[in-house]
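Notes for the structure review
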Amino acid sequence: MRRVLIFFTIMMVGMGCATCPEVRQQLDQCQQSISAQDMVIADKDSIIRQKDQKIEKQKEAIAMLEAHVADLRRRLNISSTEQSSYNERIRRISSSVREFIKQQIRDERNFLTDIALEDFVGNPLVNRRNTDDKNNMIIDVAHPVPSQGQINGIGGYFTGSCKIHVKLLRPVGNDYIVTCNKPIAVQAANPGKQLIDFDKPIIANKGDIIAYYFPGPVKVPFDGALGINSYFKLDADAYENGNRVEAGDIWRSDQEKRKYSLNYYGIFYTRVNKTGGND
């Protein structure tokens, strides 16, 4: 627009005064147009400056937020470190408490065994001369439950790992009914005596008898010519809970007696003496 104004000025000089009013009018219009455009440009510059100021404020806000996030991360790292230390302390305490409780249980078991606060019924848990092959059902008719009470577990001298189904047989006439059947997995890296607590005690009546079914190798030794004569091969467990065991399967007078290193223990209303009888 400024070039146009200069052009008109030159034209005015060249054409003389005859066209001076028209040229002045055009010059005034050009000046007005230039002023209007300058005002628009000034408005635009003001808007741009306002936006620049807004952007600067937003940058400052972003910088403050970034600083706040960095501080939060720092605090989070400190909290995580402290929490890890706390968790490790809790883990150590829990482990120590569990080990303490286990040791208390072991000490209590030794205490109960040594002074016979629990009644132990059956044979001494010692190593013996002979071992079975597998799949034997052993019914301990020589050591019936002495009186009403609870059976807390079984003991055995185990030559290796094995599985046992411990059964409680209740007399019904001449036969017996299986009132409880507890499968147990025995872990024995080395031969020795083990006492195995049940997850829940078995409530027993006087005259009930204990049977041990080995679905695999019988890892309990025995001596011959003494003890019981109620044992027999059983490839599959035919005496589940609720099944009847006939008298003919229990009383087998035609086979040699055996004494297995097995017993059971619990709390009974009538005291059991060391020979298996009642006090």
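Residues numbered from 1 in each chain as written. Predicted model: local features only at pLDDT ≥ 70, side-chain atom pairs only at ≥ 80, totals over all residues. Heavy atoms only, no water.

Topic: the overall build of the protein
The cut-off we apply is this: Elements are defined by DSSP. Helices are runs of H or I of four residues or more, strands are runs of E of two residues or more, and each kind is numbered from the N terminus. Burial here depends on accessible area, computed with a 1.4 Å probe over protein chains only, as a share of the maximum for the residue type. Under 20% is buried, over 50% is exposed, and the range in between is partly exposed. Residue contacts follow a heavy-atom distance rule, with two residues in contact if any of their heavy atoms lie within 4.5 Å. Each accessible area value is a Shrake-Rupley result obtained with a 1.4 Å probe; residue values ignore everything except the protein chains displayed when judging cover.
Counting its regular elements, the protein contains 3 helices and 12 strands. Classification of the 279 residues of the protein by burial places 33% in the buried group. Once local pairs closer than 6 in sequence are excluded, the contacts in the protein between residues at least 24 apart make up 81%. When the accessible surface of the protein is summed, it comes to about 17800 Å², and 53% of that surface belongs to carbon and sulfur atoms.

Brief notes about the sheet that holds strand β1 (residues 119-122)
The condition that has to hold: One requirement defines pairing of two strands: DSSP has to find at least two bridges between them. Lines fitted to C-alpha atoms define the axes here, with helix axes fitted over just the stretch in contact, and angles between the N-to-C directions of these axes take values from 0 to 180 degrees.
As summarised here, the arrangement of the 4 strands in space is β1-β12-β3-β6, forming an open sheet in which the pairing is antiparallel. Two strands in the sheet have a free side with no partner beyond their single neighbour: β1 and β6 (192-204). Averaged over neighbouring strand pairs, the angle between their axes works out to 25° when direction is ignored.

What about the pairing of strand β2 (residues 134-140)?
With 6 of its 7 residues buried, β2 lies for the most part within the structure. With 6 bridges joining them, β2 and strand β7 (residues 209-217) adopt antiparallel strand pairing. For D140, the partnering residue across the bridge sits in β7 and is I210.

Let's talk about the pattern of salt bridges
The condition is simple: Salt bridges are identified by distance alone: a Lys or Arg side-chain nitrogen within 4 Å of an Asp or Glu carboxyl oxygen.
Following the criterion strictly, the structure yields 10 salt bridges and no others. One salt bridge in this structure joins E88 and R92, with 3.8 Å as the shortest N-O distance. With E88 and R92 both in helix α2 (residues 20-115), this residue pair falls 4 residues apart, about one helical turn. Because the salt bridges share partners, they merge into one network encompassing D71, R74 and R75.

A short note on the nonpolar core
Filter applied, for reference: Nonpolar core, defined: a set of buried Ala, Val, Leu, Ile, Met, Phe, Trp, Tyr and Cys residues in which side-chain atoms within 4.5 Å join the residues together.
Grouped together as the largest cluster of nonpolar side chains are 44 residues, with contacts concentrated most on I139, I151, I154, I164, Y212 and Y264. At 6 residues, β7 tops the list of elements feeding residues into this core.

Notes on unusual backbone geometry
In this structure, N135 is a non-glycine residue whose phi angle is positive, near 55°. Within the secondary structure layout, N135 lies in strand β2. With relative accessibility at 10%, the residue N135 sits in the buried group. Backbone geometry places A225, a non-glycine residue, at a positive phi of 70°.

Considering the sheet that holds β2
Spatially, β9-β2-β7-β4-β5-β10 is the arrangement adopted by the 6 strands of the open sheet, whose pairing is antiparallel. With partners counted over all chains shown, the strands left at the sheet margins are β9 (231-233) and β10 (244-245), one partner each. As judged from the 2 bridges shared by strand β5 (residues 175-186) and β10, these two strands associate in the antiparallel manner. What sits directly across from I177, in β10, is R244.

Points about the pairing of β5
Across the 12 residues that make up β5, a large majority, 9, are buried. Bridging between strand β4 (residues 162-172) and β5 involves 11 bridges; their strand directions are antiparallel. Residue pairing across strands places L169 opposite V178, the latter belonging to β5. Linking β4 back to β5 in an antiparallel pair, the connection comprises 2 residues, with G173 at a positive phi of about 70°.

Considerations on a nonpolar patch on the surface
What counts, and what does not: Note on patches: the residues involved have over 30% relative accessible area and no salt bridge, like charges join within 9 Å, and the nonpolar side chains Val, Leu, Ile, Met, Phe, Trp and Tyr join within 5 Å.
A cluster of nonpolar side chains, namely Y86, I90, I93, V97, F100, I101 and I105, defines an oily patch on the protein surface of about 640 Å² accessible area. With respect to the secondary-structure elements, Y86 resides in helix α2. Owing to a relative accessible area of 46%, Y86 belongs among the partly exposed residues under this scheme.

As for the environment of I250
With respect to the helices and strands, the residue I250 is situated in helix α3 (residues 247-250). Assessed through its relative accessible area of 0%, I250 is described here as buried. Between the C-alpha atom of I250 and that of I138, which follows or precedes it by 112 residues, the distance is 9.2 Å. Excluding anything up to four places from it in sequence, I250 contacts I139, V141, Y176, S230 and V245.

Section: the side chain of N136
Position of N136 among the secondary structure elements: in strand β2. Setting aside residues up to four positions removed in sequence, N136 forms contacts with Y212, Y213, F214, V218, F232, K233, R258 and Y260.

Describing the side chain of S230
This is how the line gets drawn: Between N or O atoms, a polar contact is any pair within 3.5 Å; within protein, one atom must be a potential hydrogen donor and the other a potential acceptor, and residues adjacent in sequence are included only when both atoms are from side chains.
With respect to the helices and strands, S230 occurs in the loop between β8 (222-228) and β9. Of the polar contacts made by the side chain of S230, one reaches the backbone oxygen of I250; its length is 2.6 Å. If we skip the residues at most four places from it in the chain, S230 touches M137, I138, I139, V141, D249, I250 and Q255.

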